[in-house]
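Analysis of the macromolecular model
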Amino acid sequence: MTVFKSPVSCGSLLSPSPEPLSFDRLWNFQNLYRAHRKSRLSKRHKREVILFEKNLAMNLTSLSRAIRDGSYRMSGYYHFYVCEPKKRHISALHYRDRVVQHCLCDELLGPLLEKRLIYDNAACRTGKGLSFALKRLTGFLTEHYRHYGNQGYILRCDIRKYFDFVDHEILKDKLRRVTADERLLSFLDSIIDSYETAPGKGLPMGNQTSQWFSVYYLDSFDRLIKEEFQVKHYLRYMDDCVLIHNDRYFLRNLKGTLAAFMETRLKLSFNAKTQIFPVKNGVDFLGFNFRLSDTGKVVRRLRPQVKRKFRRRLKERVTLYAAGKISATDALATVNSYNAHLKQGHTGRLRCLTFRSFVLKRREESGQEKGSAGKAPGEVFFSRNRHGGPRSR
């Protein structure tokens, strides 16, 4: 029987367990394997994932050894654009680097930064995703209504090209306040310096580390609002911020102070979307429009442009299925994902009308009569199940 030996001894990789939050966690074999299993989700059909898994043990062992001896280097980025909701330039890592960054975020970066963030800082944090942010803003509006009714104002802040203008030196300085581990800091510096939109500026939107960097970069901004100005109803989701207050002049003065803080301390600036408006006008946030009713109920409606995107995407699924390019299972997965998002708001009528008319039908070269059951071969209808979601029939 042939016995294959790893180039690195099992003892050096598998035991003893690394100390909590030490750099050794990054090259630990079990942690890299766990990161690989997470990174491959919904991507196992892609060529680079298949090739990586063909020699999985060897690839993970090689990564572990390279990280441990300091010879690991990133493989660069590949670039593409996404055009919804607006055109964005995405710089994505190759698979082996995604595994490393997944391990870095799960084992070190996330635990280090999580305990230093304010409670109302959402995005890429466990239990604090889209649903948390939507419910939190709903709670803020409800609490404001109890004290002031529909009277009051909202300051909505949005940062101009946030990812493109994050300053590398400021970010590095902030990270040095989090840990004194020189190996970890050197590794983080190499990731930050691997990409720039201008000298010393920018984070790639396709990196998992960029999500954590961008969440933590504005922490001093969050604490200025929460701790110094004592604004209770403040919520941030990445670079979108919402503040609710009963005094318009307070928000006007605060807006000027925050703009100055952004420019001097963070080298960022607000864009034209940053403005103050009455609570009764409602606010757009994360694809929904929030509006207080006369009774104090917070109504969340899907924004018109998101609704148009939703319907356009469903038409694309119908077209692709008709051409035989996707299966009914793939189409249903898209529908279910949109249904889960729509259920975050008051969209019952929209979902009912949309899914009732959603029909998948294969395009036949020659005409084909319907069978006795009234449904042609290759034809799939969708209706709503008892939970309000789509189902095939």
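The shown structure was predicted, so the numbers you read here are calculated from the model rather than taken from an experiment.

Cut-offs used in this document
- Residues numbered from 1 in each chain as written.
- Predicted model: local features only at pLDDT ≥ 70, side-chain atom pairs only at ≥ 80, totals over all residues.
- Heavy atoms only, no water.
- Helix = DSSP H or I, 4+ residues; strand = E, 2+ residues; numbered from the N terminus.
- Buried < 20%, exposed > 50% of the residue type's maximum accessible area, 1.4 Å probe, protein only.
- Contact = heavy atoms within 4.5 Å.
- Areas by Shrake-Rupley, 256 points an atom, 1.4 Å probe, with all protein chains shown as cover.
- Pairing = 2+ DSSP bridges.
- Axes fitted to C-alpha atoms, helices over the stretch in contact; angles between N-to-C directions.
- Parallel < 35°, antiparallel > 145°, perpendicular 65-115°, else oblique.
- Nonpolar A, V, L, I, M, F, W, Y, C, P; charged D, E, K, R; others polar.
- Expected span 1.5 Å × (residues − 1).
- Phe/Tyr/Trp six-rings, centres within 6.5 Å; stacked < 30°, edge-to-face > 60°.
- Lys NZ or Arg CZ within 6 Å of the ring centre and 35° of its normal.
- Left-handed = near helix turned anticlockwise from the far one by under 90°.
- pLDDT = per-residue confidence, 0-100.

1. Things to note about the overall build of the chain
Within the chain one finds 16 helices and 13 strands. When each of the 393 residues of the chain is scored for burial, the buried share is 46%. Of the contacts formed within the chain by residues at least 6 apart in sequence, a portion of 66% connects residues at least 24 apart. Summed over all atoms, the accessible surface of the chain reaches about 20,900 Å², with 50% contributed by carbon and sulfur.

2. Points about the sheet that holds strand E5 (residues 234–237)
Pairing is mixed across the open sheet formed by five strands, whose spatial order is E3-E5-E6-E4-E7. A strand with exactly one partner marks an edge of an open sheet, and here the two such strands are strand E3 (121–122) and strand E7 (275–278). As paired elements, E5 and strand E6 (residues 240–245) share four bridges and run antiparallel to each other. Residue pairing in the sheet places Tyr 237 in a bridge with Asp 240 of E6.

3. Thoughts on the packing of helix H9 (residues 168–175) against helix H11 (residues 208–217)
Running from amino to carboxyl end, H9 crosses H11 at an angle of 85 degrees, the nearest separation of the two axes being 11 Å. Between H9 and H11, the crossing angle belongs to the class labelled roughly perpendicular. Counting all contacts with H9, which are made through Ile 170, Leu 171, Lys 174 and Leu 175, the residues of H11 involved are Phe 213, Tyr 216 and Tyr 217. Per-class residue counts for the contact of H9 with H11 are six nonpolar, no polar and one charged.

4. Some thoughts on helix H5 (residues 56–69)
End to end, H5 covers 20 Å across 14 residues, agreeing with the expected 20 Å (1.5 Å per residue, within 8%). All of the buried residues in H5 are Leu 56, Leu 60, Thr 61, Leu 63, Ser 64, Ala 66 and Ile 67.

5. Brief notes about the packing of aromatic side chains
Under the counting rule described, the total for this entry stands at nine aromatic pairs. Taking 5.8 Å as the distance between ring centres and 70 degrees as the angle between the ring planes, the aromatic pair formed by Tyr 77 and Tyr 195 counts as edge-to-face. Residue Tyr 77 is located in strand E1 (residues 77–82), and its partner Tyr 195 is located in the loop between helix H10 (182–192) and H11; the two are separated by 118 residues in the primary sequence. A residue is classified by how much of its surface remains accessible, and Tyr 77, at 15% relative accessible area, is buried. Given a relative accessible area of 11%, Tyr 195 falls into the buried group. A ring pair is formed by Tyr 119 and Phe 132, whose centres lie 5.5 Å apart and whose planes are at 75 degrees; its orientation type is edge-to-face. You can see Tyr 119 sitting in the loop between helix H6 (95–114) and E3 and its partner Phe 132 sitting in helix H7 (residues 130–148), a full 13 residues away along the chain. The class for Tyr 119 is partly exposed, based on a relative accessible area of 48%. By way of ring pairs, the aromatic residues Phe 23, Tyr 72 and Phe 187 are connected into one cluster. If you follow Arg 68 out to its NZ or CZ, it ends over the ring of Trp 27, 5.5 Å from the centre.

6. Some remarks on the packing of H6 against H11
The contact between H6 and H11 brings their axes to 9 Å, and the two run at 15 degrees. The pairing of H6 with H11 is recorded here as roughly parallel in orientation. Seen along the crossing, H6 lies across H11 with a hand that is left-handed. Contacts from Gln 101, His 102, Leu 104, Cys 105, Asp 106, Leu 109, Gly 110, Leu 113 and Glu 114 in H6 reach Gln 208, Thr 209, Trp 212, Phe 213 and Tyr 216 in H11. Its residues placed into classes, the contact of H6 with H11 shows seven nonpolar, five polar and two charged.

7. Regarding helix H12 (residues 219–228)
The complete set of buried residues in H12 reads Asp 219, Ser 220, Phe 221, Asp 222, Leu 224 and Ile 225. Contact partners of the buried residues in H12: E3, H9, H11, E5, E6 and helix H13 (248–266). Gln 230 sits one or two positions beyond H12 and adopts a positive phi of about 55 degrees.

8. Describing the confidence of the model for the chain
A residue-level look at the chain finds 86% of positions with pLDDT of 70 or above and a mean pLDDT of 84. Of all the helices and strands in the chain, helix H1 (residues 10–14) carries the lowest mean pLDDT, 44, while H9 carries the highest, 96. Between residues 365–378, whose pLDDT stays under 50, and residues either more than four places distant or in other chains, the model counts 12 contacts.

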